[in-house]
Amino acid sequence: MTVRERQSTTKKTWKIALRWLPTFFAFPLGGLAAELIAGSVDGLAAALIGGAITGTVLGAAQWWGLGSNGPTARQWIVATAVGLSVGLGIGSVAVGYGSTMGDLAIQGAICGLAIGAAQAIVLRSRIGGLAFAWVPALSALWALGWTITTAIGVDVESQYTVFGASGAITVTAATVVLPLVLARGSETSVS
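Procedures and definitions
- Residues numbered from 1 in each chain as written.
- Predicted model: local features only at pLDDT ≥ 70, side-chain atom pairs only at ≥ 80, totals over all residues.
- Heavy atoms only, no water.
- Helix = DSSP H or I, 4+ residues; strand = E, 2+ residues; numbered from the N terminus.
- Buried < 20%, exposed > 50% of the residue type's maximum accessible area, 1.4 Å probe, protein only.
- Contact = heavy atoms within 4.5 Å.
- Axes fitted to C-alpha atoms, helices over the stretch in contact; angles between N-to-C directions.
- Left-handed = near helix turned anticlockwise from the far one by under 90°.
- Nonpolar A, V, L, I, M, F, W, Y, C, P; charged D, E, K, R; others polar.
- 1 Å grid on protein atoms, 1.4 Å probe; cavity = no way out; pocket = protein on both sides within 12 Å on 5 of 7 lines; lining within 4 Å.
- Points joined across faces, edges and corners; volume = space filled by probe spheres on them.
- Core = buried A, V, L, I, M, F, W, Y, C linked by side-chain atoms within 4.5 Å.

Next up on the list: the environment of glutamine 119. Note on placement: glutamine 119 falls in helix H5 (residues 101-127). Taking the relative accessible area as the measure of exposure, glutamine 119 reaches 1% and is therefore buried. Apart from the residues within four sequence positions on either side, glutamine 119 is in contact with Gln62, Trp76, Ala79, Thr80, Trp134 and Leu138.

Structure, rendered in structure tokens:
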């Protein structure tokens with residue numbers, strides 16, 4: 001690879017990453033929309049509705065962040081909304097709507113698992129079996145997002161649908177690998 005080719009690759013990598021990183025704003029925006037419409041996650045209906053709302057906002061932002069290498073808007077947004085709705089429903093019931101760090105880490109792991117599974121189904125046609133590595137990765141990252149948010153003192157007792165900006169920045173930075181893998185897969189399928 002020539003110096004010019006390396007520079008071009010580096011520039012493309014940065015461009016892809018910089019498009020993905022602002023998607024972290026969708027976490028608090030989706031959470032706020034869910035809180036205004038569905039209220040606190042203190043019952044199954046609020047969890048399901050709030051998860052769907054937050055997932056829709058997050059899915060739309062992430063779809064934009066994936067750019068032309070990602071799945072269709074409908075596929076990605078629906079997968080994210082359904083995944084978060086199901087995950088939050090199961091996760092919040094599993095921890096009895098608790099808000100300790102341990103409760104929220106478990107709830108986050110379940111949410112990440114459900115979102116990851118739904119998104120992996122959509123990603124499989126683009127990156128094959130590698131898509132299923134997304135499931136445990138997202139599960140661990142969503143648990144981490146809640147742990148960070150709780151550790152810095154956010155009022156998690158308010159029972160939000162999703163972790164705050166501190167967790168969102170961490171999860172978004174760690175998941176920047178997805179648009180990079182999709183872009184690389186797109187390049188190899190064209191070659």
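Moving on, we get to the packing of H5 against helix H6 (residues 134-151). Remark: H5 packs on H6, axes separated minimally by 6 Å, with the N-to-C direction vectors making an angle of 145 degrees. Here H5 runs over H6; the crossing is right-handed. Residues belonging to the contact of H5 with H6 are distributed by class as follows: 17 nonpolar, eight polar and no charged.

As a further point, take the layout of surface pockets. Of the pockets and cavities examined, the largest pocket occupies roughly 170 Å³. In this structure, the largest pocket is lined by Lys12, Lys15, Ile16, Arg19, Gly65, Leu66, Gly67, Ser68, Asn69 and Pro179. When contributions to the lining of the largest pocket are tallied by element, the ones reaching two or more residues are helix H1 (3-20) and helix H3 (44-66). Residue classes in the lining of the largest pocket are distributed as three nonpolar, four polar and three charged.

So, about the nonpolar core. Of all hydrophobic cores here, the largest spans 37 residues; its most connected members are Phe27, Leu123, Trp142, Phe163 and Leu178. Mapped onto this core, the elements with two or more residues apiece are H1, helix H2 (26-38), H3, helix H4 (73-94), H5, H6, helix H7 (165-174) and helix H8 (177-190). With eight residues, H5 is the single largest residue contributor to this core. With residues near it in sequence (within four places) discarded, leucine 178 still touches Leu66, Trp76, Leu123 and Trp134.

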